[in-house]
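Architecture and fold: a report
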Amino acid sequence: MPIDLRSYDHIVVLTGAGVSASSGLPTYRGPGGLWEKEGLSDLATSEAWQERPQDVWKLFGGLRGQVREVEPNAAHLALARMEALADGAFTLVTQNVDGLHQRAGSVNVVELHGNIHQTRCSSTDCKLEVFTDELAYEEVPVCSLCSAKLRPDIVLFGEALPVLGDHLATRALRDCDLFIAIGTSGTVSPASRFVRSAEYVGAHTVLVNLEAMDEGGSAFKEQFIGKADELLPEIFLPATAT
Ligand code: OAD
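The rules we used
Residues numbered from 1 in each chain as written. Predicted model: local features only at pLDDT ≥ 70, side-chain atom pairs only at ≥ 80, totals over all residues. Heavy atoms only, no water. Near = heavy atom within 4 Å. Polar contact = N/O pair within 3.5 Å; in protein donor to acceptor, adjacent residues only side chain to side chain. Areas by Shrake-Rupley, 256 points an atom, 1.4 Å probe, with all protein chains shown as cover. Nonpolar A, V, L, I, M, F, W, Y, C, P; charged D, E, K, R; others polar. Helix = DSSP H or I, 4+ residues; strand = E, 2+ residues; numbered from the N terminus. Contact = heavy atoms within 4.5 Å. Axes fitted to C-alpha atoms, helices over the stretch in contact; angles between N-to-C directions. Parallel < 35°, antiparallel > 145°, perpendicular 65-115°, else oblique. Left-handed = near helix turned anticlockwise from the far one by under 90°. Salt bridge = Lys/Arg side-chain N within 4 Å of Asp/Glu carboxyl O. Buried < 20%, exposed > 50% of the residue type's maximum accessible area, 1.4 Å probe, protein only. Domains from an automatic or database assignment. Buried area = accessible area lost by both parts, 1.4 Å probe. Core = buried A, V, L, I, M, F, W, Y, C linked by side-chain atoms within 4.5 Å.

Glancing now at the site of the ligand. Surrounding the ligand, one finds 23 residues, the nearest of these being Y28, R29, T184, S185 and E211. Note that an oxygen atom of the ligand is positioned 2.6 Å from one of the side-chain N or O atoms of R29. Within the backbone of Q95, an N or O atom sits 3.1 Å from an oxygen atom of the ligand. Protein chains shield 95% of the accessible area of the ligand, which is 800 Å² for the free molecule. In terms of residue class, the shell around the ligand is built from 9 nonpolar, 11 polar and 3 charged.

What follows concerns the side chain of S23. Inspection of the secondary structure puts S23 in the loop between α1 (18-21) and α2 (40-43). In this view, S23 contacts V70, E71, P72, N73, H76 and L100; residues no more than four positions away in its chain are not counted.

Helix α9 (residues 228-235) packs onto helix α5 (residues 74-85) with a crossing angle of 25 degrees between their chain directions and a minimal axis gap of 7 Å. Put simply, α5 runs roughly parallel to α9. You can see that α5 and α9 cross each other, and the crossing is left-handed. Within the contact between the two elements, α5 uses A74, A75, A78 and L79 and α9 uses A228, D229, L232 and P233. Classifying every residue of the contact of α5 with α9 by side-chain character gives 7 nonpolar, no polar and 1 charged.

Across all of its chains, the model carries 9 salt bridges by this definition. Salt-bridge contacts for K58 lead to D55; the nearest nitrogen and oxygen are separated by 4.0 Å. In this pair, K58 and D55 are both assigned in helix α4 (residues 53-68), 3 residues apart and thus about one turn of the helix distant. Accessibility expressed as a relative area gives 59% for K58, which makes it exposed. Here R68 makes a salt bridge to E134, at a shortest N to O gap of 3.3 Å. Taken together, the residues R68 in helix α4 and E134 in the loop between β6 (131-132) and β7 (150-154) connect sequence positions 66 residues apart. Judged by its relative accessible area of 31%, E134 falls in the partly exposed class. Where salt bridges share partners, they join R52, D55 and K58 into one cluster.

When cut into domains, the protein gives domain 1 (1-24 + 72-113 + 161-242) and domain 2 (26-69 + 118-154). Taken over C-alpha atoms, the centre of domain 1 sits 26 Å from the centre of domain 2. With 11 residues of domain 1 at the contact, the number on the domain 2 side is 7 residues. Both faces considered, domain 1 and domain 2 share a buried interface measuring about 690 Å² in area, 60% of it formed by carbon and sulfur atoms. Linking domain 1 with domain 2 are 0 salt bridges, by the criterion used here.

One recurring pattern in soluble globular proteins is that nonpolar side chains are buried together. Of all hydrophobic cores here, the largest spans 23 residues; its most connected members are I11, I180 and I182. Mapped by element, the contributors of at least two residues to this core are β2 (10-15), α5, β3 (89-94), β8 (178-182), β9 (204-209) and α9. Looking at which element gives the most residues to this core, the answer is α5, with 4 residues. Not counting chain neighbours up to four residues away, the residues in contact with I180 comprise I11, V12, V13, L14, M82, V206, V208 and F236.

This is the structure we're talking about:
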């Protein structure tokens, strides 16, 4: 049965790497996943940033180039249409750092884990604004204001979420009556707990993913199993196929 978005006033969508898989970007876990490659997940940590920032830049600088080469797919486009067609509030919270939702036309996007296309100063006291940056640095760049190291604006393991993103996601979940998680393994907190928050406030909870989540322990009331770019245009009303 399709789900009519017009029956809901406060929709929250959570996306993960599976949404960008059909654009040609790797997921983090599972076959071909980035973190399945020896040593790579160790680089996405706060310790690695302290001890070998050049290697951290090598990882994320390489990803910048990869992301630049790809285009939003039918899942990103369907989500942008869903936002445009929904009658009520629509918040898209993403764990993805690739910026493909915005490129597809989504407007109310909350980036929980940062954005690969942005660089910021590593000093929390510095006034340098976060800036758009496509460079893949060979050497660790330094801040023009305070000479501290510049870093990709990405949340590393062991770091807190951006305050604004965390606040906006928490606020949206408080009122939500439809929660849809798409293309995420549900292994990284706090996003993995969002479905429980949504369930707690009485929302209808839906998963769209290549793999099902453990039926017994899952808080999802409905699961659609398959590729997001094929399923999304079919599941939701009004029709979102382009
Ligand atoms: P994962 O790689 O953990 O999970 C991707 C999920 O997408 C898996 O459950 C796949 O089955 C599913 N999937 C793959 N292709 C799909 C497709 N075409 N359509 C639908 N589903 C598909 O990615 P995330 O859950 O996003 O954090 O990972 C969460 C966080 O872990 C990331 O944001 C990243 C990582 O460490 C940081 O870097 C801070």
